[in-house]
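Structural characterization, general
One letter stands for each residue in the lines below.
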Amino acid sequence: MAPAITLAAEAPKLSAANTGFMLICSALVLIMTPGLAFFYGGMVRVKSTLNMLMMSFISMGIVTILWVLYGFSLAFGTDKGSFIGWTSDWVGLSNIGLTELWDGYTIPVFVFMVFQLMFAIITPALISGALADRVKFTAWSLFIALWATVVYFPVAHWVWGAGGWAFELGVIDFAGGTAVHINAGAAALGVILVIGKRVGFKKDPMRPHSLPLVMLGSGLLWFGWFGFNAGSWLGNDDGVGALMFVNTQIATAAAMLAWLAYEKIRHGAFTTLGAASGAVAGLVAITPSGGAVSPLGAIAVGAIAGVLCAMAVGLKYKLGYDDSLDVVGVHLVGGVIGSLLIGFFASGKGQSTVEGLFYGGGLTQFWKQCAGVFAVLGYSLVVSAILAFLIDKTMGMRVTEDEEIAGIDQAEHAETAYDFSGAGGGSARTAVPAPADTDAKKVDA
């Protein structure tokens, strides 16, 4: 018999299919930020609509530049002490070959870089919903830059970077339950504890001005989230990404139904705002867990998150913190729920062989999840509060009370969301004088 020949493992080769898939997923994740802007923009009063949109859009500009200059290197560069990364060749995205592959995968480094950029963009944008109506745009822009640098980039390394302490511990976070949602939700809580409540909180009605805009935003979020979640496996070769795609749909549907059921029992009506918020709660909760649980597990994760997040949004009135658009109640609580439930519902048949309590694995994974959840929550809460405090004491974090009452759109952007001057009525006609050589009646018409 001829001696056995041991062949070296074949090195990964660039996959055009996986590369194209990941570029599409990157675009899907990017569209979530405008979707978030519409979602938040519809939930505020008319006088704050543009500011709410801009608080999301400015993140696309600031974080992109920081990511290129040093963010990618800090988050995914060579590990330094399990806390941060650094690879000097990636500063300014220099010395990266066009076909250089991300280690162990079949996609280029540039593709991985741009996919992760979209996560970095939307995370600080999520925080903005808690601060509606009252934050200076310049202060918010500075906060984004500082927060991304000292909070998001390090936490992304902890959770996803090779050598990061949470990654090495075995904390499961498929697509951002800790690094994105808990991170942003805890930051939101830290900031609002520093800057205080809106004028008229718990006294004046602060109802959403455009529920259709909210529904449009939630639809874009739901659509883009398939790229956010399924793309996080970085390829399509073994079916795990497909499982995540399926579980994303299932958990979102379950959470929306659970939120509406709770709302009907508790308040007597099925609201469109509840449907949109429930869907987002399900998306948040399945983000860390969808690669580890079965489709039946996804139903459980979504339903539990739908009910508990619906309950959590009312805490701000009992505890007295002004989380304007329920970032804490949905993203922080939903992220915690989804991350911790991995310790119970992990099936061992998805992204890894790790099994949760209900599948015979005991509580080992649950305690690992607790470590990741509460470390990120505590770090983001404290550092975000410190950043807000420093900005508030130097340049001022809030607009004046008069500006807030009159409307932050005019104060900060010199614009209004809706111009009714051409919609008819006496004042509109007199606002636009007729040209000297034109019949005024024709102008009126």
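Residues numbered from 1 in each chain as written. Predicted model: local features only at pLDDT ≥ 70, side-chain atom pairs only at ≥ 80, totals over all residues. Heavy atoms only, no water.

1. Comments concerning the overall build of the chain
Stated formally: Only DSSP runs of H or I reaching four residues or more are called helices, and only runs of E reaching two or more are called strands; each is numbered from the N terminus. Only the C-alpha atoms count toward the radius of gyration. The rule for a globule is 2.2 Å times the residue count to the power 0.38. Accessibility here uses a 1.4 Å probe with only protein chains present; expressed as a share of the type maximum, an area under 20% marks a residue as buried, one over 50% as exposed, and anything in between as partly exposed. By the convention used here, residues are in contact when the closest approach between their heavy atoms is within 4.5 Å. Shrake-Rupley sampling with a 1.4 Å probe provides the accessible areas, and residues are treated as covered by the protein chains on show and by no other component. By the counting scheme adopted, Arg and Lys are positive, Glu and Asp are negative, and His together with the chain ends is not counted. Each charge is placed at NZ for Lys, CZ for Arg, CG for Asp and CD for Glu.
The helix and strand inventory of the chain stands at 17 helices and 2 strands. Compactness check: the chain gives a C-alpha radius of gyration of 24 Å against a globular reference of 22 Å for 445 residues, within 12% of the reference. Its C-alpha atoms give the chain principal-axis dimensions of roughly 105 × 55 × 45 Å. By residue count, 55% of the 445 residues in the chain fall in the buried class. Relative to all contacts within the chain whose residues are 6 or more apart in sequence, the contacts with residues 24 or more apart total 75%. Roughly 18,600 Å² of accessible area belongs to the chain as shown, and the carbon and sulfur atoms make up 67% of that amount. Charged side chains in the chain number 22 positive and 28 negative. The centres of these two groups are separated by 11 Å.

2. Some details on unusual backbone geometry
Phi is positive for Lys202, which is not a glycine, with a value near 70°. The backbone phi angle of Leu234 is positive, close to 65°, even though this residue is not glycine.

3. Digging into the side chain of Ser128
Selection rule: N or O atoms within 3.5 Å of each other form a polar contact, as long as, within protein, one can give a hydrogen and the other can take it, and as long as residues adjacent in sequence are counted only when both atoms are side-chain atoms.
Structurally, Ser128 can be placed in the loop between helix H3 (109-127) and helix H4 (137-160). Overall, Ser128 belongs to the buried group, its relative accessible area being 0%. Here Ala125 takes part through its backbone oxygen, which lies 2.6 Å from a polar atom of the side chain of Ser128. Dropping the residues within four chain positions of it, Ser128 is found in contact with Tyr40, Met52, Met55, Ser56 and Trp140.

4. Quick look at the nonpolar core
Put simply, the test is: Only buried residues count toward a nonpolar core, which is a set of Ala, Val, Leu, Ile, Met, Phe, Trp, Tyr and Cys residues joined through side-chain atoms within 4.5 Å.
Core analysis: the largest hydrophobic core is formed by 122 residues, its most contacted members being Trp67, Phe72 and Leu131. Top element by residues in this core is H4. It accounts for 15 residues. When near neighbours in sequence (up to four residues on either side) are disregarded, Phe72 contacts Trp67, Gly77, Trp90, Leu93, Trp102, Val109, Phe112 and Met113.

5. Here we look at H3
Operational definition: Each residue after the first adds 1.5 Å to the expected span of a helix.
The end-to-end C-alpha separation of H3 is 29 Å, in line with the 27 Å expected for 19 residues at 1.5 Å each. The element H3 is extensively covered by neighbouring structure, given that 17 of its 19 residues are classed as buried.

6. Some details on the confidence of the model for the chain
Condition: pLDDT is a residue-level measure of predictor confidence that goes from 0 to 100.
This prediction gives the chain a mean pLDDT of 93; 93% of its residues lie at or above 70. Predicted confidence for residues 1-8 stays below pLDDT 50, and this span has 0 contacts to residues more than four positions away or in other chains.

7. Remarks on a nonpolar patch on the surface
Just so we agree on the cut-off: Only residues whose relative accessible area exceeds 30% and that take part in no salt bridge are eligible for patches, with like-charged residues grouped when within 9 Å of each other and nonpolar side chains (Val, Leu, Ile, Met, Phe, Trp, Tyr) grouped when within 5 Å. For this document, the term salt bridge refers to a Lys or Arg side-chain nitrogen within 4 Å of an Asp or Glu carboxyl oxygen.
Together, Leu357, Phe358, Tyr359, Leu363 and Trp367 make up a nonpolar patch on the protein surface, roughly 510 Å² of accessible area in all. By secondary structure assignment, the location of Leu357 is in the loop between helix H12 (327-345) and helix H13 (364-394). Classification of Leu357 as partly exposed rests on a relative accessible area of 35%.

8. Brief notes about the pattern of salt bridges
A side chain with one charge may pair with a side chain of the opposite charge, provided their charged atoms come close. Following the criterion strictly, the structure yields 5 salt bridges and no others. For Asp133, the salt bridge goes to Arg45, with nearest N and O atoms at 3.0 Å. Within this pair, whereas Asp133 is found in the loop between H3 and H4, its partner Arg45 is found in the loop between helix H1 (16-43) and helix H2 (49-76), the two being separated by 88 residues in sequence. Taken as a pair, Asp133 and Arg45 share a single burial class, namely buried. For the salt bridge of Arg198 with Asp133, the shortest nitrogen-to-oxygen distance reads 3.5 Å. With Arg198 in the loop between helix H6 (177-195) and helix H7 (211-230) and Asp133 in the loop between H3 and H4, this residue pair connects regions lying 65 residues apart in the sequence. Salt bridges sharing common partners tie together Arg45, Asp133, Arg198 and Asp322.

9. Points about the environment of Leu23
Among the structural elements, Leu23 can be located in helix H1. Relative accessible area serves as the criterion here: at 44%, Leu23 is assigned to the partly exposed category. With near-sequence residues (within four places) excluded, Leu23 lies in contact with Val111 and Val114.

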